Structures are given as C-alpha cells and as structure tokens.
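Single-letter residue listing:
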Amino acid sequence: MAFTFLFLIQISNIYIFCIFILKLIYNNVIIITLGAYLTLLVSKDVSQEEWDPIFKESVKMLDTFPLAMEKTKVIKGYPFNCLVKAEYKEGSDHWETCGNYDYMDSAETQYFPRYLKCYDGVVSDVKDPLIKRYDYRIDNSFYVFGNKIQMCSYGLYLLAIAMMVEHRLPGRTYTYGDIYNPQIERAVEVANSVLDYNISLPDNFSLEKLFKRINDFPIPENDKLKLLNSEARFLWTEEEWRFIEKNFSKEAIDSVYKAKPDFASMEQ
C-alpha cells in the first residue's frame, strides 16, 4: 500500500514536471533562456537628462513583463520571503527584480538605477563602454544588472530592457554575457511588442557598425581585430572577409587568423 502511494506521488511529480516543460516550450522560454549572467554597460558620459526618459521606458517594460521581486510578508506572526510582482516604488533610487512571476523561478537580484549622480565623471578619454571588453580596468562606464541569472527565465526580459537602452543610447552602451544570437533576436521581438517604436539588433550584428565603433579606439591594430572578432555576432561570409582584408593590414590579419576561415563549414 505504501509502495503504491509513493509510486503515485512519483508519477504525479513527473506529470507536473512535463506540464511545466511543455508550458515553457509553448512560450518559447527554453529556447531563449539565458545562461549564467547578463551585463549592460552604460557610459559615464550619459547625462541624467538623457537617462530620465530611458528609466521611464524601463518602468513601463517592468510593469508589462512578468518580473518578480522578493518581499517579506508576515503570515500568522511569522515572516516569509515571497515572490511578488516587481514594481517601481515612486521616489526610490532604483527598481529591482529577481525572477519570473509567471513561473515563480528566481535567481540573484538585478538592479536598474533611477539616478546617475553616483556615476558622475568620465575617467577615460574613450566614452564607448565597448572598450571595457578589451580592458576591464578602463573606467568609463557603470554596470546595470550583472548579477547571476543562473538560467532563470527572467533573463529574457532583462535582455529586452538592455536592448531598449542600447537603442536609445547608440555607441554609449554595450550588452554582453552568457547569451546567444537567437536569445538576442527574441529579446528584440519582446521589446518591440511593448514599445511604441521598433528597436533593431545591436551593433555587433553588423560588421560595419561594430568596426566603426572599434576603429576609433586608441589601441593597436591587431587588438582592434581581435576585439572585433571576439564580439562579432554576424554571420561570416566571403563579403565580411573582404571587408577585413580591405580595412586591416596583412600583419594584423595574420596575427589573429592562422588561416582564412572556412565559410562553407560556418554556414552548415
């Protein structure tokens, strides 16, 4: 009798798990769930006046998306940490989220600042935060988000918000992390579904845009090519290779690539 009871409980747990997985697949969450972390870099050159409408837009997205935050509630005299719908409290210096309210999964708390006064001053002559991907010690930007996502499904919505910020501040923001192209493409679609305007894919999906940003950096030519190669999210073709040969010296190309890439194998 006890064995039968335990067996039925196990079957019930498997059934619930399968329903959960099917729900994730239906909502396209499994495909677009991010990895361990996501970071948005914002240049210290950004003024509070520029940031105000961006923060307002982020609150609109926060209210629309199923984002959750932790809140302590007292139930029958005992305090419990609960997940509640994330919201911005007027007058606060940030909003925060730690998970997905629909699926009740959570990870580390992520913060989006209301004010930039604590980030005043540009130490570096280069205002583009992308250069921190070359040398993280360059002090020209501040971090938004950055804590571990741990494959929690709220990562998609954070990425959508990051894509909105990149669109509003071209050349002065940069998003990176444990993310892949389909996740970014899906995040842009999610952002466009709630915004009053359409945003496009970030600069690293375009060789010309990425090159334009990196080419202005005061770093050696071969390091520019290494950075471009590491941050590129576009599909490499013969056309992109001809662009590289046109804009970089043979010495720089030889230092980064031991041989010409096999484009045929890349497209498979």
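Right, let's walk through the structure included here. (Residues numbered from 1 in each chain as written. Predicted model: local features only at pLDDT ≥ 70, side-chain atom pairs only at ≥ 80, totals over all residues. Heavy atoms only, no water.)

Remarks on the sheet that holds strand β2 (residues 67-75)
Hydrogen bonding along the main chain pairs the strands of a sheet, whether they run parallel or antiparallel. So the rule is basically this: A pair of strands is labelled paired if DSSP reports no fewer than 2 bridges between them. Put simply, DSSP marks the helices as runs of H or I at least four residues long and the strands as runs of E at least two long, and each gets a number from the N terminus on. Helix axes are fitted to C-alpha atoms over the stretch in contact, other axes to C-alpha atoms as well, and angles between N-to-C directions run from 0 to 180 degrees. Residues count as neighbours in contact if any of their non-hydrogen atoms are within 4.5 Å of one another.
Pairing is antiparallel across the open sheet formed by four strands, whose spatial order is β3-β2-β4-β5. The open sheet terminates on both sides in strands that have one partner only, identified here as β3 (78-85) and β5 (105-113). Going from strand to strand, the sheet's axes swing by 45 degrees on average, the running direction of each strand aside. Where β2 and β3 come together, eight bridges link them in antiparallel fashion. The residue bridging K73 from the neighbouring strand is F80, located in β3. Contacting β2, β3, β4 (94-100) and β5, helix α3 (residues 48-64) crosses the sheet at an angle of about 155 degrees to β5.

Focus on the sheet that holds strand β6 (residues 141-148)
The antiparallel open sheet is built from three strands, whose spatial order is β6-β1-β7. A single partner strand is all that each edge strand has here, and the edge strands are β6 and β7 (173-177). The sheet shows a mean angle of 15 degrees between the axes of neighbouring strands, direction not considered. Bridge count between strand β1 (residues 37-43) and β7: five bridges; the pairing is antiparallel.

Points about helix α8 (residues 238-247)
Selection criterion: Whether a residue is buried, partly exposed or exposed follows from its accessible area with a 1.4 Å probe, protein chains only, as a fraction of its type maximum: under 20%, in between, or over 50%, in that order. As used here, the arc belongs to the directions running from the helix axis to the C-beta atoms.
Buried residues of α8: E240, W241, F243 and I244, and no others. For α8, the arc enclosing every buried residue in end-on projection is 155 degrees, short of the 170-degree limit, so these residues lie on one face. Projecting away from the buried face of α8 at angles above 90 degrees are the exposed residues E239, R242 and K246.

Details of the packing of helix α4 (residues 155-168) against helix α5 (residues 181-192)
To keep it simple, the criterion reads: Our angle categories are set so that under 35 degrees counts as roughly parallel, over 145 as roughly antiparallel, 65 to 115 as roughly perpendicular, and the remainder as oblique. Any residue that is not Ala, Val, Leu, Ile, Met, Phe, Trp, Tyr, Cys, Pro, Asp, Glu, Lys or Arg is counted as polar, Gly included; the first ten are nonpolar and the last four charged.
Relative orientation of the contacting elements α4 and α5 amounts to 75 degrees, with a least axis distance of 8 Å. As judged from the angle between their axes, α4 and α5 are roughly perpendicular. Facing α4, whose interface residues are L156, Y157, L159, A160 and M163, α5 presents Q183, I184, R186, A187, V188, V190 and A191. Class assignment for the residues of the contact of α4 with α5 results in 10 nonpolar, one polar and one charged.

Let's talk about a nonpolar patch on the surface
The criterion, for reference: Patches here are clusters of residues that have more than 30% relative accessible area and form no salt bridge, with a 9 Å joining cutoff for like charges and a 5 Å cutoff for nonpolar side chains (Val, Leu, Ile, Met, Phe, Trp, Tyr). The Shrake-Rupley method, run with a 1.4 Å probe sphere, supplies the accessible areas, and residue values consider only the shown protein chains as cover. Put simply, a salt bridge is a Lys or Arg side-chain nitrogen that is within 4 Å of an Asp or Glu carboxyl oxygen.
Together, I75, Y78 and F80 line one region of the surface with nonpolar side chains, adding up to about 330 Å² of accessible area. By the secondary structure assignment, I75 is in strand β2.

Focus: unusual backbone geometry
For F145, which is not glycine, the phi torsion reads 65 degrees and is therefore positive. When you line up the elements, F145 lands in strand β6. With relative accessibility at 8%, the residue F145 sits in the buried group. Phi at Q150 takes a positive value of approximately 55 degrees, unusual for a residue other than glycine. With respect to the helices and strands, Q150 occurs in the loop between β6 and α4. Residue class for Q150 comes out partly exposed when judged on its relative accessible area of 48%.

Overview of the packing of helix α6 (residues 207-215) against helix α7 (residues 221-231)
Angle between the axes and distance between the axes: these two values describe a pair of packed helices. So the rule is basically this: Handedness of a crossing is defined here by the sense of rotation of the near helix relative to the far one, left-handed for an anticlockwise turn of less than a right angle and right-handed for a clockwise turn.
Packing of α6 against α7 brings their axes to within 10 Å, and their N-to-C directions diverge by 140 degrees. By the angle between their directions, the pair α6 and α7 is classed as oblique. Seen along the crossing, α6 lies across α7 with a hand that is right-handed. Taking contact as the criterion, the partners of L207, L210, F211, I214 and N215 in α6 are, on α7, K224, L227, L228 and E231. Here the contact of α6 with α7 is composed, by residue class, of six nonpolar, one polar and two charged.

Regarding α3
Along an α-helix, residues three or four apart share an orientation, since each turn contains 3.6 residues. What counts here: One less than the number of residues in a helix, times 1.5 Å, gives the span that helix is expected to have.
The terminal C-alpha atoms of α3, which comprises 17 residues, lie 24 Å apart, in line with the 24 Å expected from a rise of 1.5 Å per residue. Those residues of α3 that fall on the buried side of the exposure criterion are W51, I54, F55, E57, S58, V59, M61 and L62.

With respect to the nonpolar core
For clarity, the cut-off: Note on terminology: a nonpolar core comprises buried Ala, Val, Leu, Ile, Met, Phe, Trp, Tyr and Cys residues joined through side-chain atoms within 4.5 Å.
W51 and F112 are the most contacted members of the largest nonpolar core, which has 47 residues in total. Elements with a contribution of two residues or more to this core: β1, α3, β2, β5, β6, α4 and α5. Sorting elements by how many residues they give to this core places α4 first, with 10 residues. Aside from chain neighbours lying at most four places away, what touches F112 is W51, I54, F55, S58, H94, W95, V144, F145, I161 and V165.

Some remarks on the pattern of salt bridges
Inspection of every chain in the model, using the stated rule, returns 13 salt bridges. As a salt-bridge pair, R114 and D52 come within 2.8 Å of each other at their nearest N and O atoms. Of this pair, R114 sits in the loop between β5 and β6 while D52 sits in helix α3, and the two are 62 residues apart along the sequence. Salt-bridge contacts for D135 lead to R137; the nearest nitrogen and oxygen are separated by 3.0 Å. The exposure class assigned to R137 is exposed, which follows from its relative accessible area of 64%. Residues joined by salt bridges that share partners form a network here, namely D45, E50, K127 and R172.

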